[in-house]
Amino acid sequence: MKPDELLEHEDERTVSLALARLRDAYADEQASPVTEERLLNELRRAAHEAAGKRAGLALGARQGSAWRRAVPFALAALLLVACGFVIWLVLYSESATPTQLTPAADLKRVKDVPKTEVAPKAVANEANRASTQQKTASQLTTTASGSRDRRAARRPGTTKALARTGRDAPRLSAGGTSELPAQESVFIPTMVPVGRESDYGLHLVRMELPRKTMMSFGLPVDPRQLSRPVKADLIIGPDGLTRAIRFVAQ
Amino acid sequence: MREVPGSDSELLRAIRSGDEEAFRTIYSRLQGQAFRFALHMTGSRTLAEDAVQETFLALIHKSEGFDAVKGSLAAFVLGIVRNCVLRRLKQEAAFVSVAGSEAEAGDAREPAADSNPLTELGRSETVKRVRDAVLSLPLHYREVVVLCELEEKSYEEAAQSLGCSPGTVRSRLHRARALLLTKLKAIENGPEMLKARSRRCLA
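So, how was this worked out
Residues numbered from 1 in each chain as written. Chains lettered and ligands numbered in written order. Predicted model: local features only at pLDDT ≥ 70, side-chain atom pairs only at ≥ 80, totals over all residues. Heavy atoms only, no water. Helix = DSSP H or I, 4+ residues; strand = E, 2+ residues; numbered from the N terminus. Buried < 20%, exposed > 50% of the residue type's maximum accessible area, 1.4 Å probe, protein only. Contact = heavy atoms within 4.5 Å. Areas by Shrake-Rupley, 256 points an atom, 1.4 Å probe, with all protein chains shown as cover. Buried area = accessible area lost by both parts, 1.4 Å probe. Salt bridge = Lys/Arg side-chain N within 4 Å of Asp/Glu carboxyl O. Nonpolar A, V, L, I, M, F, W, Y, C, P; charged D, E, K, R; others polar. Expected span 1.5 Å × (residues − 1). Polar contact = N/O pair within 3.5 Å; in protein donor to acceptor, adjacent residues only side chain to side chain. Phe/Tyr/Trp six-rings, centres within 6.5 Å; stacked < 30°, edge-to-face > 60°. pLDDT = per-residue confidence, 0-100. Axes fitted to C-alpha atoms, helices over the stretch in contact; angles between N-to-C directions. Parallel < 35°, antiparallel > 145°, perpendicular 65-115°, else oblique. Left-handed = near helix turned anticlockwise from the far one by under 90°.

### As for the overall build of chain B
The number of helices and strands found in chain B is 9 helices and 0 strands. Ordered by position in the sequence, the α and β elements of chain B form the string α-α-α-α-α-α-α-α-α. Burial analysis of chain B (203 residues in total) assigns 45% to the buried set. Counted over contacts in chain B with a minimum sequence separation of 6, partners at least 24 positions apart contribute 66%. Taken as a whole, chain B presents about 10600 Å² of accessible surface, with 52% of it coming from carbon and sulfur.

Next comes the structure, spelled out in structure tokens:
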């Protein structure tokens, strides 16, 4: 063997020997028992979780089968409701056909529209102001309905003639002369009633207003008579505010 | 008492279903080499413990990746340990080691009672030098030295753990031994020379 080869062989042997010593020194090295205990705990926890998951899956499967059983019943109920709705729709349309509104009824309905209208606030204020100014003059005071008639008749100092109201009641002018109007409008509310209001203390006051006031309530006005005032009946409440207005055209 | 199934695949299946006996069987068989591999690779007992724990946790939760056709369970476990160690070393590279912690790996060993104290001292000094030399090797050389020389694995088993061919393991081991010899000589001559040689090897 050559000296170089001998030296190389000896180096190899040195390395092997050194590694063998290191191997022997660490041959018994092991992980601590604490690590094993931790791992066992983790294994138990994982097994517990897996068991819970399996139980949850089984419960979910049972619930799923219950849902599957309920679906046909739900669909049948839905179908039944749909059929009932269609039948009701057909019957309703058949019963509604003969009573369809005629043009005359439509017209009547259109004519009724101003009854439900509420007077503009400015006009109501104007009427209130006028009624307040002329309240002292008190051209005519009477009640607005039959029941009010009875109350007014029972009230001391109220004459029977003054208590008569309505379409059949004669209109009295400021001078006390009877004057039958050529045309009357219906009473138009000028304010929205708040709550349930008592009829007691309502007064019917006739007064003259500018004719353009009629336009504010959507009533037709002859342009040629625009400069002339128009008579109107105002229902005045106990607070002095106008509840409703009716124009008396001559 | 229930019989523990024998093959590695069956044992792993039993572990997944929560069988503690199967786990103890696997653990007692593999934890030693896993711990020593991690200890030689990191030089730290704490990191080695962590690596072993992480490895067996992976075995509990995600052992579906094991294929008995590709290799043994020991090679599979050592592959997991290697990945854990490399990850931990990458994390630890950001920290500066405190003086004294480096020596924790080998100082736990006590001398045998019946041996000569001088002989034992010399032997422990030698072991320390060799351990320092192994720890100073580059990682891809260090792992083949640990597997083939210290754990006495065959080239095929080491290749299965490292995910490379047996030829690569052989050539790396040859270079690693040469490098180790150089380092051992350098340690004998002085630590300064060891640092210089190490720097050149890493370059």
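### Brief notes about the overall build of chain A
Each helix and strand counted, chain A has 7 helices and 6 strands in total. Secondary structure of chain A in N-to-C order comes out as α-α-α-α-β-α-α-β-β-β-α-β-β. Across the 250 residues that make up chain A, the buried fraction comes to 27%. Across chain A, the fraction of contacts at a sequence separation of at least 24, relative to all contacts at a separation of at least 6, is 63%. Looking at chain A as shown, the accessible area adds up to about 17100 Å², and 61% of this sits on carbon and sulfur atoms.

### With respect to the interface of chain A and chain B
Accessible area lost upon the coming together of the parts serves often as the stated size of an interface. Contact residues are listed per partner, giving 27 residues for chain A and 39 residues for chain B. Roughly 3300 Å² of surface becomes buried between chain A and chain B when both sides are summed, with 63% attributable to carbon and sulfur atoms. When the area that chain A buries against chain B is broken down by residue, the three leading residues are Y26(A), L39(A) and L43(A), summing to 21%. The closest approach of N and O atoms between E20(B) and R44(A), which form a salt bridge, is 2.6 Å. At the level of elements, α1 (3-25) and α2 (33-96) of chain A are the ones that each hand at least two residues to the side of chain A that touches chain B. For the side of chain A that touches chain B, the element with the most residues is α2(A), which contributes 11 residues. A per-class count over the side of chain A that touches chain B returns 13 nonpolar, 4 polar and 10 charged.

### Observations regarding helix α3 (residues 45-61) of chain B
Residue and element names in this part refer to chain B. In this model, α3 (17 residues) spans 24 Å end to end at C-alpha, consistent with the 24 Å of a helix rising 1.5 Å per residue. Counted residue by residue, α3 has 12 buried out of 17 residues, so it is predominantly covered. When α3 is considered as a whole, its buried residues turn out to be R45, L47, A48, E49, A51, V52, Q53, T55, F56, A58, L59 and I60. Put simply, S44 is the residue that caps the front of α3, since its side-chain oxygen is 3.4 Å from the backbone nitrogen of T46.

### Comments concerning the packing of aromatic side chains
All names here are of chain B. A full pass over the atoms with the stated rule returns 6 aromatic pairs over all chains. Arranged with centres 6.2 Å apart and planes meeting at 85°, the rings of F23 and F56 form a pair that is edge-to-face. Taken together, the residues span a long stretch of sequence, with F23 in helix α2 (residues 20-42) and F56 in helix α3 at a distance of 33 residues. On the basis of relative accessibility, which here comes to 1%, the residue F23 falls in the buried class. Residue F56 is classed as buried on the basis of its relative accessible area of 0%. With centroids separated by 4.9 Å and ring planes inclined at 65°, the aromatic side chains of Y27 and F56 adopt a geometry described as edge-to-face.

### Some points on the confidence of the model for chain B
Residues and elements named next belong to chain B. Of the residues in chain B, 77% have a pLDDT of 70 or more, and the chain-wide mean is 80. Of all the helices and strands in chain B, helix α9 (residues 191-202) carries the lowest mean pLDDT, 50, while helix α6 (residues 139-150) carries the highest, 92. Here residues 1-5 is modelled with pLDDT under 50, and outside its nearest four sequence neighbours on either side it reaches 9 contacts, counting other chains as well. Ignoring residues within four places in sequence, the model shows residues 105-112, a span with pLDDT below 50, making 13 contacts including any to other chains.

### Focus: helix α4 (residues 73-92) of chain B
Over its 20 residues, α4(B) extends 28 Å from the first C-alpha to the last, a length consistent with the 28 Å expected when each residue adds 1.5 Å. Of the residues making up α4(B), those classed as buried are L73(B), A74(B), A75(B), V77(B), L78(B), G79(B), I80(B), V81(B), R82(B), C84(B), V85(B) and R88(B).

### Brief notes about the pattern of salt bridges
Residues and elements named next belong to chain A. Scanning the model with the defined rule gives 20 salt bridges over all chains in all. The shortest N-O distance in the salt bridge between R45 and E49 comes to 2.5 Å. Of the two residues, R45 and E49 both sit in helix α2, 4 residues apart, roughly one turn of that helix. For R45, a relative accessible area of 40% gives the class partly exposed. Among the residues examined, E49 registers a relative accessible area of 47% and is labelled partly exposed.

### Side note on the packing of α6(B) against helix α7 (residues 155-162) of chain B
Residues and elements named next belong to chain B. At a minimum axis separation of 9 Å, α6 and α7 run at an interaxial angle of 140°. The angle between α6 and α7 falls in the class oblique. Classified by chirality, the crossing of α7 by α6 is right-handed. Where α6 abuts α7, its residues E143, V144, L147 and C148 lie against Y155, A158, S161 and L162. Tallied by class, residues from the contact of α6 with α7 come to 6 nonpolar, 1 polar and 1 charged.

### Quick word on the environment of K183(B)
With respect to the helices, strands and loops of the structure, K183(B) is situated in helix α8 (residues 166-189). For the pair K183(B) and V134(B), spaced 49 residues apart in the sequence, the C-alpha separation amounts to 8.6 Å.

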